[in-house]
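Summary of the model geometry
This is what each chain is made of:
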Amino acid sequence: MCGVCGLLIGHPADTIKVRQQIFRSSGSIHIAIQTIKYEGLYGFYKGMGFPLLTAGALNSIFFGVYGNCLRALENCCKRHDPGNSDISKYWYTNVFMAGVGAGIVQVAFATPIELVKIQLQSQTGTWEKQHIRKHVGPINCILHIVNEHGLRGLYHGSHIMLYRDSLSSGLYVLTYAVCLDLLHGPQHVWTVIFAGGIAGVISWASIMPLDVIKSRIQADDLANPEYKGIVDCTIKSFRKDGLHVFGRGFVMCSFRSFLVNAATFLGYEWSLRFCQDMSKDFPTHQELKDIRQTN
């Protein structure tokens, strides 16, 4: 629920951020005014349906893979350093690598969702003539892409997403872990909110140029693409808009990421505590094994 609430709050800022990155006009206030004028409040929520339905599943995949990878890495380190029974001396390295692994796995599920979202966010049909309306909703967008380009078309932009999400996911969980250690753990709600928000801002700030390139590639016309790949998009964007283009949307992205990721980590910590409390009422695997051996 925290992830869904964060998405409801953060999606308008995400729409402005995406439009800053791909439209000729890069001013957030101008884009917000034009969106309200020609599309109403609905314009800020374009493309939200698909992420809203899948937010819980994506977070479950990410944190599930992250937790299992971190556990495996820690167990491996402890086998080589049995004297340390708590956490290994490579804890922060393991946190980062587990986050990278979770980000890589998540890309397989997130790429179609991001593609559909950006295709819908980028179409205005009125005030930005280069981005005419082609899809009436997420289902129509998916069917159109599959009919025209096959299932492979849903993974347009997957390469740049792989680079972006692997790095940012590692920094994401690493920053959160460091902040919690500095703030003496997740005992208080405001500690989790602050650590989660800062983790979101720092992870996104580190990959803003990659995010700009990703937005432009995925907002492109798949039938007649302007960009041939990551390098081509980078060169054309620099020649057309200068170096500052790779920082477009940073303010909106920071505002959104603080809200969304604060809510995400709050839900994550609450879910962990709930599962831990529930698990106390059930026998462990070893206890079940002992019972079977006794019988």
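Note that the structure is a prediction, hence the values are computed from the model and not measured.

Notes on the overall build of the protein
- Check the secondary structure of the protein and you find eleven helices and zero strands.
- Listing each helix as α and each strand as β along the protein from the N terminus yields α-α-α-α-α-α-α-α-α-α-α.
- Put simply, the protein has 295 residues, and 47% of those count as buried.
- Pairs at least 24 apart in sequence give 75% of the contacts found in the protein among residues at least 6 apart.
- With the model as given, the accessible surface of the protein reaches about 15,600 Å², and the carbon-plus-sulfur share is 65%.

With respect to helix 6 (residues 158-182)
- For helix 6, built from 25 residues, the straight-helix expectation of 36 Å at 1.5 Å per residue is met to within 8% by its first-to-last C-alpha distance of 35 Å.
- Downstream of helix 6 by a residue or two, His184 has a phi angle that is positive, lying close to 65 degrees.

Some thoughts on the packing of helix 8 (residues 208-219) against helix 9 (residues 230-241)
- At a closest axis distance of 10 Å, the pairing of helix 8 and helix 9 adopts a crossing angle of 105 degrees. Judged by the inter-axis angle, helix 8 sits roughly perpendicular to helix 9. Across from Ile213, Arg216 and Ile217 in helix 8, the residues of helix 9 making contact are Ile230, Cys233, Thr234, Ser237 and Asp241.
- Looking at the contact of helix 8 with helix 9 residue by residue, the class counts come to four nonpolar, two polar and two charged.

Quick look at the layout of surface pockets
- Here the largest pocket is characterised by a volume of approximately 640 Å³.
- Lining the largest pocket are 20 residues; nearest its centre among them are Tyr66, Leu70, Trp91, Tyr268 and Leu272.
- Counting residues per element, the ones that place at least two in the lining of the largest pocket are helix 3 (49-80), helix 6 and helix 10 (250-279).
- It is helix 10 that provides the largest number of residues to the lining of the largest pocket, a total of seven residues.
- Residues that form the lining of the largest pocket fall into these classes: 13 nonpolar, three polar and four charged.

Observations concerning the packing of aromatic side chains
- A full pass over the atoms with the stated rule returns eight aromatic pairs.
- Between Phe63 and Tyr268, the aromatic rings sit 4.3 Å apart at their centres with planes inclined by 20 degrees, giving stacked as the arrangement. On the criterion of sequence distance, the pair formed by Phe63 in helix 3 and Tyr268 in helix 10 is long-range, its members being 205 residues apart.
- By relative accessible area, which is 19% here, Tyr268 ends up buried.
- Cluster of aromatic residues (ring-pair linked, three or more members): Phe62, Phe63, Tyr66, Tyr172, Tyr176, Phe265 and Tyr268.

Digging into empty space enclosed by the protein
- By the definition in use, this model includes one cavity of 30 Å³ or more.
- Its volume calculated, the largest cavity comes out at about 770 Å³.
- Lining of the largest cavity is provided by 33 residues; of these, Asn59, Gln106, Glu114, Trp204 and Arg256 occupy positions nearest its centre.
- At the level of elements, helix 1 (2-22), helix 3, helix 4 (91-122), helix 6, helix 7 (189-205), helix 8 and helix 10 are the ones that each hand at least two residues to the lining of the largest cavity.

Notes on the packing of helix 6 against helix 8
- The N-to-C vectors of helix 6 and helix 8 enclose an angle of 155 degrees; their axes lie 9 Å apart at closest approach. On the basis of their axis angle, the class for helix 6 and helix 8 is roughly antiparallel. In the crossing of helix 6 with helix 8, the sense of the turn from one axis to the other is left-handed. Residues Ile160, Met161, Tyr163 and Arg164 of helix 6 touch helix 8, and the partners they reach there are Leu210, Asp211, Ile213, Lys214 and Gln218.
- When the residues that make up the contact of helix 6 with helix 8 are grouped by side-chain class, the tally is five nonpolar, one polar and three charged.

Concerning the nonpolar core
- Formed by 21 residues in total, the largest nonpolar core has its most connected members in Tyr66, Tyr176 and Phe265.
- Going through the elements one at a time, helix 3, helix 4, helix 6, helix 7 and helix 10 are the ones with two or more residues in this core.
- With six residues, helix 6 is the largest single contributor of residues to this core.
- Formed by eight residues, the second largest nonpolar core is a distinct cluster that contains Leu115, Ile145, Leu154 and Leu222.

Digging into the pattern of salt bridges
- Taken as a whole and judged by the stated rule, the model has twelve salt bridges.
- In this structure, the salt-bridge partner of Asp14 is Lys17, at a minimum N-O distance of 3.6 Å. In this pair, Asp14 and Lys17 both sit in helix 1, three residues apart, roughly one turn of the helix. For the pair Asp14 and Lys17, a shared accessibility class is recorded, and that class is buried.

Points about the side chain of Ser237
- Relative to the assigned elements, Ser237 resides in helix 9.
- Those residues in contact with Ser237, other than ones at most four positions away along the chain, are Arg216, Tyr227, Gly242, Val245 and Phe246.

Here is what the cut-offs are and how they apply
- Residues numbered from 1 in each chain as written.
- Predicted model: local features only at pLDDT ≥ 70, side-chain atom pairs only at ≥ 80, totals over all residues.
- Heavy atoms only, no water.
- Helix = DSSP H or I, 4+ residues; strand = E, 2+ residues; numbered from the N terminus.
- Buried < 20%, exposed > 50% of the residue type's maximum accessible area, 1.4 Å probe, protein only.
- Contact = heavy atoms within 4.5 Å.
- Areas by Shrake-Rupley, 256 points an atom, 1.4 Å probe, with all protein chains shown as cover.
- Expected span 1.5 Å × (residues − 1).
- Axes fitted to C-alpha atoms, helices over the stretch in contact; angles between N-to-C directions.
- Parallel < 35°, antiparallel > 145°, perpendicular 65-115°, else oblique.
- Nonpolar A, V, L, I, M, F, W, Y, C, P; charged D, E, K, R; others polar.
- 1 Å grid on protein atoms, 1.4 Å probe; cavity = no way out; pocket = protein on both sides within 12 Å on 5 of 7 lines; lining within 4 Å.
- Points joined across faces, edges and corners; volume = space filled by probe spheres on them.
- Phe/Tyr/Trp six-rings, centres within 6.5 Å; stacked < 30°, edge-to-face > 60°.
- Left-handed = near helix turned anticlockwise from the far one by under 90°.
- Core = buried A, V, L, I, M, F, W, Y, C linked by side-chain atoms within 4.5 Å.
- Salt bridge = Lys/Arg side-chain N within 4 Å of Asp/Glu carboxyl O.

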